[in-house]
Amino acid sequence: MPFRPRYTGLIEKYRDRLPVTDDTRLISLGEGNTPLIRLNNIPKLIGKNVDIYVKYEGLNPTGSFKDRGMTMAVTKAVEEGSKAIICASTGNTSAAAAAYAARAGITAFVLIPEGKIALGKLSQAMMHGAVVIQIKGNFDVGMQLVKDVAKEAPVTIVNSINPYRLQGQKTAAFEIMEELECAPDFHCLPVGNAGNISAHWMGYKEYNDHGIVNNLPVMVGFQASGSAPFMRGEMVDNPETVATAIRIGHPQSWDKAWACQKESNGWFDECTDEEILAAQKMLAMKEGIFCEPASATSLAGAMRDIKSGKIPEGSKIVCTLTGHGLKDPDTAIKQSTSPMMTVDATMDAVKKAILDNLVH
Ligand SMILES: *Cc1c(COP(=O)(O)O)cnc(C)c1O
């Protein structure tokens, strides 16, 4: 039989491991099933013998891993009779909430920090018809407002404090283990609210508990230096970083993430904005993979720990690339150093431009 069954999303694929029944109406856009790409050039550039894989979550339907959680959260909200969902967001949660609400035929309300959201993400929330409420405050302020208002209005919160979000997101770990036929030695992620690192740890433990694999990874969480409450050991009130998706000072999954660190013998560390942007550019230039700045934090940190030997040679490492580079074209264009020129529309001028730039 040359045909395989059509892939129709992660709830259908993992329905035995997710809280749904045969009667549940699934709200799906075909999320999950993202590529696990082995890096060819960067390990050589670092000069270390390591296997680095990137899980390219930017290839989800709205361009970030948030779709994995949102398909579950919106499916359950609809099942429970909800007509509206709400979230605070640095951008990607609002894009996913807007799309899945549109798919379900319900209303999405999204609170975003005015002026601090990447343009691609804002365009998504607007196009999918969400009610966009810009607040004169950061994500953490928005999150508190969402928690307060949900007590008084008929709306379901779809931030990662909604337990169904993490259930959906744990499936990324399932996919990785199925492809590698084991858990990796190290799994590096960018950390904002720390929901995703906690969800991956749940997924790894679940397959290990059920004997599908018999190892567990060391979990490593990287934050942006200006926004690193896990490094400071306390909440940060005015987080700042170019990686707007992880510009979060009061992580909602604080306890879960510390448990993940302790149980997996992992660690947290921080990367500067310069390191983050350099890793983003390196992935794009040397591997052909375009992720948004926050996503590159996982690789930036991993490269540093590989160079220092903290992650030893011979290791199998997975770095999650949480969101697509097209989400934030402004930051990309600003830091690009690729040659760009304007010339006359003549054969001579174009030929000269080619010959002048042939050798780099
Ligand atoms: C949401 C998000 C993160 C952070 O994930 P948490 O679960 O909040 O730790 C990182 N990168 C991108 C692109 C995101 O959208």
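Right above here is the structure, for reference.
Every value quoted in this text rests on a predicted model; they were computed, and no experiment measured them.

So, on to the overall build of the protein. Looking only at helices and strands, the protein features 15 helices and 10 strands. Relative to the 2.2 N^0.38 estimate, which gives 21 Å for 360 residues, the radius of gyration of the protein is 21 Å and therefore close to what a compact globule would have. Taken over the C-alpha atoms alone, the protein extends approximately 65 × 55 × 50 Å along its principal axes. Here the protein, with 360 residues, has 56% of them falling under the buried criterion. Nonlocal contacts in the protein, meaning residues at least 24 apart in sequence, comprise 70% of its contacts between residues at least 6 apart.

A separate point is the sheet that holds strand S8 (residues 218-224). Strand order in the open sheet formed by six strands is S1-S2-S10-S7-S8-S9, and the pairing between neighbours is mixed. In this open sheet, the two strands that pair with only one neighbour each are strand S1 (36-38) and strand S9 (267-271). Here the average twist between neighbouring strands, direction ignored, is 25°. Pairing geometry for strand S7 (residues 186-190) and S8, over five bridges, is parallel.

Taken together, 16 residues lie around the ligand, and Lys66, Asn92, Asn193, Ala194 and Thr322 are the ones closest in. Between the ligand and the protein, one listed contact pairs an oxygen atom with a backbone N or O atom of Gly195 at 3.2 Å. Between the ligand and the protein, one listed contact pairs a nitrogen atom with a side-chain N or O atom of Thr322 at 2.7 Å. For the ligand, whose unbound accessible area comes to 380 Å², protein coverage reaches 97%.

Bringing the packing of aromatic side chains into the picture now. Applying the stated criterion to the full structure yields eight aromatic pairs. With a centroid separation of 4.5 Å and 25° between ring planes, the pair formed by Phe230 and Phe268 is classed as stacked. With a gap of 38 residues between them, Phe230 in helix H10 (residues 229-232) and Phe268 in strand S9 connect regions that are remote in the sequence. Using a relative accessible area of 3% as the deciding quantity, one classes Phe230 as buried. With 5.7 Å between their ring centres and 80° between their planes, Trp254 and Trp258 make a pair best called edge-to-face. With Trp254 and Trp258 both in helix H11 (residues 254-263) and four residues apart, the pair spans about one turn of that helix. Owing to a relative accessible area of 21%, Trp258 belongs among the partly exposed residues under this scheme.

One way to put it is that helix H3 (residues 66-79) packs onto helix H4 (residues 92-104) with a least axis distance of 9 Å and a crossing angle of 40°. With respect to H4, the element H3 is oriented oblique. The element H3 and its partner H4 pack so that their crossing is right-handed. Seen from H3, the contacting residues are Lys66, Asp67, Met70, Thr71, Val74 and Val78; seen from H4, they are Asn92, Thr93, Ala96, Ala97, Tyr100 and Ala104. Residues that form the contact of H3 with H4 fall into these classes: seven nonpolar, three polar and two charged.

Once that is clear, we can look at the sheet that holds strand S6 (residues 156-157). Paired through their backbone hydrogen bonds, the strands of a sheet run either parallel or antiparallel. One open sheet accounts for four strands, arranged S5-S4-S3-S6; its pairing is parallel. One side of each edge strand has no neighbouring strand; the edge strands of this open sheet are strand S5 (131-135) and S6. Note: strand S3 (residues 84-88) against S6, two bridges, orientation parallel. When the sheet's bridge partners are listed, Ile85 is paired in S6 with Thr156. The strands touched by helix H6 (residues 139-150) are S3, strand S4 (107-113), S5 and S6; relative to S3, the strand with the most contacts, the crossing angle is about 150°.

In this section: the nonpolar core. Ranked by internal contacts, the top residues of the largest apolar core, which has 34 residues, are Leu39, Ile52, Cys188, Leu283, Leu299, Ile317 and Cys319. Only helix H2 (42-46), strand S2 (51-56), S7, S8, S9, helix H12 (273-287), helix H13 (293-308) and strand S10 (316-321) provide two or more residues apiece to this core. Counting residues per element, this core draws most heavily on H13, which supplies seven residues. Leave out the neighbours within four places in its chain, and Cys319 touches Ile52, Tyr53, Val54, Lys55, Cys188, Ser298, Leu299 and Ala302. One finds Tyr14, Ile197, Tyr207 and Val318 within the second-largest nonpolar core, a separate group that totals 30 residues.

With that out of the way, let us pick up the layout of surface pockets. In this structure, the largest pocket spans a volume of roughly 210 Å³. Around the largest pocket, the lining comprises 13 residues; the ones closest to its centre are Gly115, Ile117, Thr244, Asp328 and Thr331. Broken down by element, the lining of the largest pocket gets its largest block of residues, three residues, from helix H14 (residues 329-335). For the lining of the largest pocket, a count of residues per class yields four nonpolar, four polar and five charged. Lining the second largest pocket are 13 residues, with Tyr7, Lys13, Asn33, Glu175 and Glu178 positioned closest to its centre.

Applying the stated criterion to the full structure yields 20 salt bridges. Here Glu240 and Arg247 are joined by a salt bridge, their closest N and O atoms 3.0 Å apart. A relative accessible area of 40% means that Glu240 is categorised as partly exposed. We note a salt bridge from Asp356 to Lys352, for which the minimum N-O separation is 2.7 Å. Of this pair, Asp356 and Lys352 both sit in helix H15 (residues 347-357), four residues apart, which is roughly one turn of that helix.

Reading the values: rules and limits
Residues numbered from 1 in each chain as written. Predicted model: local features only at pLDDT ≥ 70, side-chain atom pairs only at ≥ 80, totals over all residues. Heavy atoms only, no water. Helix = DSSP H or I, 4+ residues; strand = E, 2+ residues; numbered from the N terminus. Rg over C-alpha atoms; globule rule 2.2 N^0.38 Å. Buried < 20%, exposed > 50% of the residue type's maximum accessible area, 1.4 Å probe, protein only. Contact = heavy atoms within 4.5 Å. Pairing = 2+ DSSP bridges. Axes fitted to C-alpha atoms, helices over the stretch in contact; angles between N-to-C directions. Near = heavy atom within 4 Å. Polar contact = N/O pair within 3.5 Å; in protein donor to acceptor, adjacent residues only side chain to side chain. Areas by Shrake-Rupley, 256 points an atom, 1.4 Å probe, with all protein chains shown as cover. Phe/Tyr/Trp six-rings, centres within 6.5 Å; stacked < 30°, edge-to-face > 60°. Parallel < 35°, antiparallel > 145°, perpendicular 65-115°, else oblique. Left-handed = near helix turned anticlockwise from the far one by under 90°. Nonpolar A, V, L, I, M, F, W, Y, C, P; charged D, E, K, R; others polar. Core = buried A, V, L, I, M, F, W, Y, C linked by side-chain atoms within 4.5 Å. 1 Å grid on protein atoms, 1.4 Å probe; cavity = no way out; pocket = protein on both sides within 12 Å on 5 of 7 lines; lining within 4 Å. Points joined across faces, edges and corners; volume = space filled by probe spheres on them. Salt bridge = Lys/Arg side-chain N within 4 Å of Asp/Glu carboxyl O.

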